[in-house]
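Results of the structural survey
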Amino acid sequence: MNRPSPEPHLRAYLLGSAPDSPAPEQPGRWQVERDLLDRSDGTRGTFSGVVLFTPTDDGGLVLSEEGTMRWPAFTGPASREYVLKPSGQPEALDVFFPDGRPFHRMSFAPDANLDTHWCDPDTYRVQYTWEGPDAFSYSWDVSGPRKDLLLVSRLVRREDT
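A short tour of the structure in this document, coming up. Note that the coordinates shown come from a computational prediction; the quantities given were computed from them, not determined experimentally.

1. Focus: the overall build of the protein
- The helix and strand inventory of the protein stands at one helix and ten strands.
- Shown N-terminal to C-terminal, the secondary structure of the protein runs as helices and strands in the order α-β-β-β-β-β-β-β-β-β-β.
- The C-alpha atoms of the protein give 16 Å as radius of gyration, which agrees with the globular expectation for 161 residues (15 Å, within 12%).
- When its C-alpha atoms are laid out on the principal axes, the protein stretches across 50 × 35 × 30 Å.
- The buried share of the protein, reckoned over its 161 residues, is 38%.
- A fraction of 39% describes how many contacts in the protein between residues 6 or more apart in sequence connect residues 24 or more apart.
- Accessible surface, the protein as shown: approximately 8,900 Å² in total, 54% of it carbon and sulfur.
- Separation between the mean location of the 17 positive side-chain charges and that of the 25 negative ones in the protein comes to 4 Å.

2. Re the nonpolar core
- Membership of the largest hydrophobic core comes to 31 residues, with the highest contact counts inside it found for Leu14, Phe53, Leu84 and Phe136.
- Discounting chain neighbours no more than four positions away, the residues touching Phe53 are Leu14, Leu15, Pro27, Gly28, Trp30, Leu61, Val62, Leu63, Leu84 and Phe136.

3. Side note on unusual backbone geometry
- Across the junction of Asp120 and Pro121, the peptide omega takes the value 10 degrees, indicating a cis bond.
- Looking at the element boundaries, Pro121 is found in the loop between β7 (114-119) and β8 (122-132).

4. Digging into empty space enclosed by the protein
- Under the definition given, this model contains one cavity of 30 Å³ or more.
- Looking at the largest cavity, its volume works out to about 150 Å³.
- Taken together, 15 residues make up the lining of the largest cavity; nearest its centre are Leu63, Arg80, Tyr82, Tyr128 and Tyr138.
- Of all the secondary-structure elements, those providing two or more residues to the lining of the largest cavity are β2 (43-55), β3 (61-71), β4 (74-86), β6 (102-107) and β9 (135-143).

5. Observations concerning the sheet that holds strand β1 (residues 28-38)
- Read across the sheet, ten strands follow the order β6-β5-β4-β3-β2-β1-β10-β9-β8-β7 without closing on themselves; strand pairing throughout is antiparallel. The sheet is open, and its two edges are formed by β6 and β7, each paired on a single side. Shown here is a sheet whose adjacent strand axes are inclined to one another by a mean of 25 degrees, direction ignored.

Rules and cut-offs
- Residues numbered from 1 in each chain as written.
- Predicted model: local features only at pLDDT ≥ 70, side-chain atom pairs only at ≥ 80, totals over all residues.
- Heavy atoms only, no water.
- Helix = DSSP H or I, 4+ residues; strand = E, 2+ residues; numbered from the N terminus.
- Rg over C-alpha atoms; globule rule 2.2 N^0.38 Å.
- Buried < 20%, exposed > 50% of the residue type's maximum accessible area, 1.4 Å probe, protein only.
- Contact = heavy atoms within 4.5 Å.
- Areas by Shrake-Rupley, 256 points an atom, 1.4 Å probe, with all protein chains shown as cover.
- Lys, Arg positive; Asp, Glu negative; His and termini not counted.
- Charge placed at Lys NZ, Arg CZ, Asp CG, Glu CD.
- Core = buried A, V, L, I, M, F, W, Y, C linked by side-chain atoms within 4.5 Å.
- 1 Å grid on protein atoms, 1.4 Å probe; cavity = no way out; pocket = protein on both sides within 12 Å on 5 of 7 lines; lining within 4 Å.
- Points joined across faces, edges and corners; volume = space filled by probe spheres on them.
- Pairing = 2+ DSSP bridges.
- Axes fitted to C-alpha atoms, helices over the stretch in contact; angles between N-to-C directions.

As structure tokens, then:
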């Protein structure tokens, strides 16, 4: 069960700042550990790295993730980037691919912490879970004719800047 978040402003939570703070916004830095499971053949892997949430001028964030992926056929650097934009609700952000295509909505609110993304021919289902002021997790359940994956990510706030 998703515990209710005492922090109603998702952007401020990810940055580690108060929503109306007069101080300049600093990027939010999180440690990420991800378990990867290909359910079609039982293959397991991991990803370990850092996620940086950098404020943008339009009230959004850029999510940059860098780290090391370990998979039976590959071990090495991996990275990705998304753009998070205000959704009109302080407890949610809309996530886009860098090229502007919509991806999904991010939220910890109990009525909005689940979302789906269709990537023909597979369906991606995400669930976000707030675990406290300095930790959250999310899982992707990917199913379809090409993929059968479970990807579980755990993020913990890093205080080093």
